[in-house]
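Working through the structure, step by step
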Amino acid sequence: MKLLVENLSCSFRGQMVLEQLNMEVGEREFVSILGPSGGGKSTLLNILAGVLKPDGGRVLVGGKEVKGLSTHFAYMPQQDLLMPWKNIMDNVCLYGAIHRNKKAMKEQAVTNFEKFGLKGYESRYPKELSGGMRQRAAFLRTALCGADILLLDEPFGALDVITRGNMQDWLRSMRSELNRTTILVTHDIDEAVYLSDRILLLTGHPASFQKEISIPGGERNRKWLFDQTELHREIYYYLKEA
């Protein structure tokens, strides 16, 4: 088991947000978390990322307990947070610059620009890129951190529906290249169904995982997704009535 979360609890201003939350994620598995707004999804990612301390419970990676900031996790928020005064190469190599390893990271970045659809844009600035390209740049920056678990907090939520769909197709095609364990927080049921091996439904006050849905394996495309109406309906009504 790659990631194990045991009996995690967290409160905010005296109100319990997460209580006795448990989760297992396998090596290179893609798991999505769905739940209502304000239901604790981002709180969970912040705990995993090490920027928020839980009231109780523990997080284990590869069987070893992890506390606070850890190189095991790389966090990507909804906004791309690219620095407008830096070109795309400098933006994606930010982690290397902070850790005084920019030269090696730049060499690694060069080999990935084409895979991420950014070849030829290395010297451009964020304002010169489309929304989808900015998100791919942010994704490359996250991937270059070398963390073995990616935490994606609604990374495509700010994009228009067509661009968001294109980014979902791109991410699905990149799974074998990324070769990482991935946890995605999203409000988009179709996005979760399309990208995931499993979906966890986070509901309740305080919240915990109440339902798990495994997505059938095999080749997926947009036609396959459009045929998943029953699954979409099941998830929708469960969340609505939770």
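The structure under discussion appears in the preceding block.
Parameters and conventions
Residues numbered from 1 in each chain as written. Predicted model: local features only at pLDDT ≥ 70, side-chain atom pairs only at ≥ 80, totals over all residues. Heavy atoms only, no water. Buried < 20%, exposed > 50% of the residue type's maximum accessible area, 1.4 Å probe, protein only. Helix = DSSP H or I, 4+ residues; strand = E, 2+ residues; numbered from the N terminus. Pairing = 2+ DSSP bridges. Contact = heavy atoms within 4.5 Å. Salt bridge = Lys/Arg side-chain N within 4 Å of Asp/Glu carboxyl O. Polar contact = N/O pair within 3.5 Å; in protein donor to acceptor, adjacent residues only side chain to side chain. Axes fitted to C-alpha atoms, helices over the stretch in contact; angles between N-to-C directions.

1. Focus: the pairing of strand β7 (residues 149-153)
Counting buried positions over the five residues of β7 gives five, a clear majority of the element. Of the two faces of β7, the one lined by I149, L151 and D153 and the one lined by L150 and L152 are each fully buried. Pairing of strand β6 (residues 73-76) with β7 involves four bridges; the strand directions are parallel. Paired with M76 across the two strands is L152, which belongs to β7. As paired strands, β7 and strand β8 (residues 181-185) are joined by five bridges and run parallel to one another.

2. Here's the deal with the environment of F156
Along the chain, F156 turns up in the loop between β7 and α6 (161-178). By relative accessible area, which is 1% here, F156 ends up buried. Sequence separation of F156 and Q79 is 77 residues, and the distance between their C-alpha atoms is 8.5 Å. In contact with F156, other than residues within four places in its own chain, are Q135, R164, M167, Q168, L171 and E191.

3. Brief notes about the pattern of salt bridges
Where charged atoms from two side chains of opposite charge come close, those side chains can pair. Counting across every chain of the model gives 13 salt bridges. For D148, the salt bridge goes to K2, with nearest N and O atoms at 2.5 Å. Of this pair, D148 sits in the loop between α5 (131-143) and β7 while K2 sits in the segment before β1 (3-12), and the two are 146 residues apart along the sequence. Since its relative accessible area comes to 11%, K2 is described here as buried. Here D197 ties to R175 by a salt bridge, and the two come within 3.0 Å at their closest N and O atoms. In this pair, D197 sits in the loop between α7 (189-195) and β9 (198-203) while R175 sits in helix α6, placing the two residues 22 residues apart along the sequence. Taking the relative accessible area as the measure of exposure, D197 reaches 25% and is therefore partly exposed. Assessed through its relative accessible area of 24%, R175 is described here as partly exposed. Through salt bridges with shared partners, a single network forms among E29, R198 and E212.

4. Focus: the side chain of T142
For T142, the position within the fold is in helix α5. Note on T142: relative accessible area 5%, which makes it buried. When sequence neighbours within four positions are dropped, the list of residues in contact with T142 reads A74, Y75, M76 and L150.

5. A closer look at the side chain of S9
Counting through the fold element by element, S9 comes out in strand β1. The exposure class assigned to S9 is buried, which follows from its relative accessible area of 9%. Here Q20 takes part through its backbone nitrogen, which lies 3.1 Å from a polar atom of the side chain of S9. Look past the residues within four positions of S9 in its chain and what remains in contact with it is M16, L18, E19, Q20, P54, D55 and G56.

6. Observations regarding the sheet that holds strand β4 (residues 56-61)
Judged by pairing direction, the sheet is antiparallel, and its four strands sit side by side in the order β2-β1-β4-β5 without closing on themselves. At either end of the open sheet lies a strand with only one pairing partner, and these are β2 (15-25) and β5 (64-66). Each neighbouring strand pair of the sheet contributes to a mean axis angle of 35°, computed without reference to strand direction. Sheet analysis places β1 next to β2, joined by seven bridges and oriented antiparallel. Bridge assignment links C10 to a residue of β2, and that residue is L18.

7. Comments concerning unusual backbone geometry
Look at the link from H205 to P206: it is a cis peptide, with omega at 0°. Within the secondary structure, P206 sits in the loop between β9 and β10 (208-214). Of note, the phi angle at R28 is positive, near 60°, even though the residue is not glycine. With respect to the helices, strands and loops of the structure, R28 is situated in the loop between β2 and β3 (30-34). For L81, which is not glycine, the phi dihedral falls at a positive 55°. Structurally, L81 can be placed in the loop between β6 and α2 (88-92).

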